[in-house]
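Close look at the chain arrangement
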Amino acid sequence: AERVVLKKFKNYYPGTPIDSDAIKEAILLQLLNRYPDTKSVGYYGIVLTKNTRELFQIMEPLEKDLSEWVTNKYPAEQYRIIFYQILKAFNAIHAVGVVHNDIKLLNIMVSGNDIRIIDFGLAEYLGVAPIKELVDNYISTEITKAPDALDQAGYGYTAKNRKTYASDLYSIGATMIHLTFRGFWKIIVKANTISIVNGRSIQDVSLNLQKPERFGKLGFDLLLKIMNPDTHERWCAKEALGHPYFAGLSGYVPIDRSIMLGGGNVKQFYQSHIEY
């Protein structure tokens, strides 16, 4: 028998449709699974209970999410490889026309020597043709949300900013910073500096991020480019993959499993709306 993960959605209101996000995620995952380079979690199908009160998505089991990694013992090369793998996956995801909208450590899994992307419940299909109407607000986890929505006025939002694929790039940068710091703060990028918001204080962590054991100067420059507060200047995934920080990396570059601690437990990897 093959082990699977069941992602459970409850319909709390009899007579109303099943959660539309569940249906949307199912459709998007079926699309993304056609393209292996997207590294999207394997999607097997849907099961409804007889009373249609509950829906189960059937997915492949994965191992560890990035929030479970112990960060202060990793060589900088592993951050570089993880960064590279994430950008490669999202270059493919965006090429298919999908924006994730909720990139964070919990939604990036490690499976074998590879990363996998999960939880497309907030994702949207923007299409691959030129975008005429750009959304100016969106739902996302606050600590990794790009300053591309009106509620981010305090974090760099300007009137010309609009949510696009570039919003995902900002979230990828924030996620990598969270990974190296093992902390989960709101981040502000301004005037070639990166700061974290810790309670009521704002702390410039630019020099810390430039340390050789984290991203170095080249990696920090890449973070500035993919987290530019201006969506019109922010780099896309394809541009980011060509940055000198990734010199020498091409094709598939595996993560070194020997540096990972703990065997993992699949029951802990997904959020509370997942039941097994």
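**A look at the packing of aromatic side chains**
Enumeration according to the criterion identifies seven aromatic pairs in this entry. When the ring of Tyr79 is compared with that of Phe215, the centres are 6.3 Å apart and the planes differ by 40°; the resulting orientation is tilted. Taken as a pair, Tyr79 in helix α2 (residues 76-96) and Phe215 in the loop between α4 (206-209) and α5 (216-226) lie far apart in primary sequence, 136 residues in all. Every member of this aromatic cluster is reached through a ring pair, and the members are Tyr79, Phe83, Tyr84, Phe215, Tyr245 and Phe246. We note Lys145 situated over the ring of Tyr138; from NZ or CZ to the ring centre the distance is 5.1 Å. Directly above the ring of Tyr155 sits Lys186, whose terminal nitrogen or CZ lies 4.9 Å from the centroid.

**What to know about the side chain of Glu60**
If you trace the backbone, Glu60 turns up in the loop between β3 (54-59) and β4 (64-65). Here Glu60 falls in the buried class, since its relative accessible area comes to 14%. Within the local environment of Glu60, its side chain forms a polar contact with the side chain of Arg116, the two groups lying 2.6 Å apart.

**Regarding the packing of α2 against helix α3 (residues 165-181)**
Remark: α2 packs on α3, axes separated minimally by 11 Å, with the N-to-C direction vectors making an angle of 160°. Here α2 is positioned roughly antiparallel relative to α3, judged by the angle of their axes. Note on packing geometry: the crossing formed by α2 with α3 is right-handed. On α3, the residues touching Tyr79, Ile82, Phe83, Ile86, Leu87, Phe90 and His94 of α2 are Tyr165, Asp168, Leu169, Ile172, Met176, Leu179 and Thr180. Classifying every residue of the contact of α2 with α3 by side-chain character gives 11 nonpolar, two polar and one charged.

**Details of the sheet that holds strand β10 (residues 193-198)**
One key point about sheets: their strands pair by backbone hydrogen bonds, in either a parallel or an antiparallel sense. Strand order in the open sheet made by the three strands is β9-β10-β11, with antiparallel pairing throughout. The open sheet terminates on both sides in strands that have one partner only, identified here as β9 (186-190) and β11 (201-204). Each strand of the sheet is rotated relative to its neighbour by a mean of 30°, with strand direction disregarded. In the sheet, β10 pairs with β11 via four bridges, with the strands oriented antiparallel.

**Brief notes about the pattern of salt bridges**
Following the criterion strictly, the structure yields 12 salt bridges and no others. One salt bridge in this structure joins Lys7 and Glu25, with 2.9 Å as the shortest N-O distance. Of this pair, Lys7 sits in strand β1 (residues 5-10) while Glu25 is found in helix α1 (residues 20-32), placing the two residues 18 residues apart along the sequence. Given a relative accessible area of 1%, Glu25 falls into the buried group. Residue Lys104 is joined to Asp102 by a salt bridge in which the shortest nitrogen-to-oxygen separation is 3.7 Å. Since its relative accessible area comes to 13%, Lys104 is described here as buried. Look at the salt bridges and you will find they share partners, linking Lys7, Glu25 and Asp119 into a network.

**Section: α5**
Buried residues of α5: Gly216, Gly219, Phe220, Leu222, Leu223, Leu224 and Ile226, and no others. Those residues of α5 that are buried are in contact with α2, α3, β9, β10, α4 and α6 (237-241).

**Observations regarding a nonpolar patch on the surface**
On the surface, a cluster of nonpolar side chains totalling about 340 Å² of accessible area is made up of Ile23, Ile27, Ile46 and Leu48. Within the residue set of the nonpolar patch, elements represented by two or more residues are α1 and β2 (43-48). Within the element layout of this structure, Ile23 appears in helix α1. A relative accessible area of 37% places Ile23 in the partly exposed class.

**Some points on the confidence of the model for the chain**
With 84% of its residues at a pLDDT of 70 or more, the chain shows a mean pLDDT of 84. Between the elements of the chain, mean pLDDT differs from a low of 75, seen in β1, to a high of 98, seen in α5. Contacts from residues 262-276, a stretch scored under 50 in pLDDT, to residues over four places away or in other chains number 38 contacts.

Rules of the game
- Residues numbered from 1 in each chain as written.
- Predicted model: local features only at pLDDT ≥ 70, side-chain atom pairs only at ≥ 80, totals over all residues.
- Heavy atoms only, no water.
- Phe/Tyr/Trp six-rings, centres within 6.5 Å; stacked < 30°, edge-to-face > 60°.
- Helix = DSSP H or I, 4+ residues; strand = E, 2+ residues; numbered from the N terminus.
- Lys NZ or Arg CZ within 6 Å of the ring centre and 35° of its normal.
- Buried < 20%, exposed > 50% of the residue type's maximum accessible area, 1.4 Å probe, protein only.
- Polar contact = N/O pair within 3.5 Å; in protein donor to acceptor, adjacent residues only side chain to side chain.
- Axes fitted to C-alpha atoms, helices over the stretch in contact; angles between N-to-C directions.
- Parallel < 35°, antiparallel > 145°, perpendicular 65-115°, else oblique.
- Left-handed = near helix turned anticlockwise from the far one by under 90°.
- Contact = heavy atoms within 4.5 Å.
- Nonpolar A, V, L, I, M, F, W, Y, C, P; charged D, E, K, R; others polar.
- Pairing = 2+ DSSP bridges.
- Salt bridge = Lys/Arg side-chain N within 4 Å of Asp/Glu carboxyl O.
- Patch = residues over 30% accessible without salt bridge, like charges linked within 9 Å, V, L, I, M, F, W, Y side chains within 5 Å.
- Areas by Shrake-Rupley, 256 points an atom, 1.4 Å probe, with all protein chains shown as cover.
- pLDDT = per-residue confidence, 0-100.

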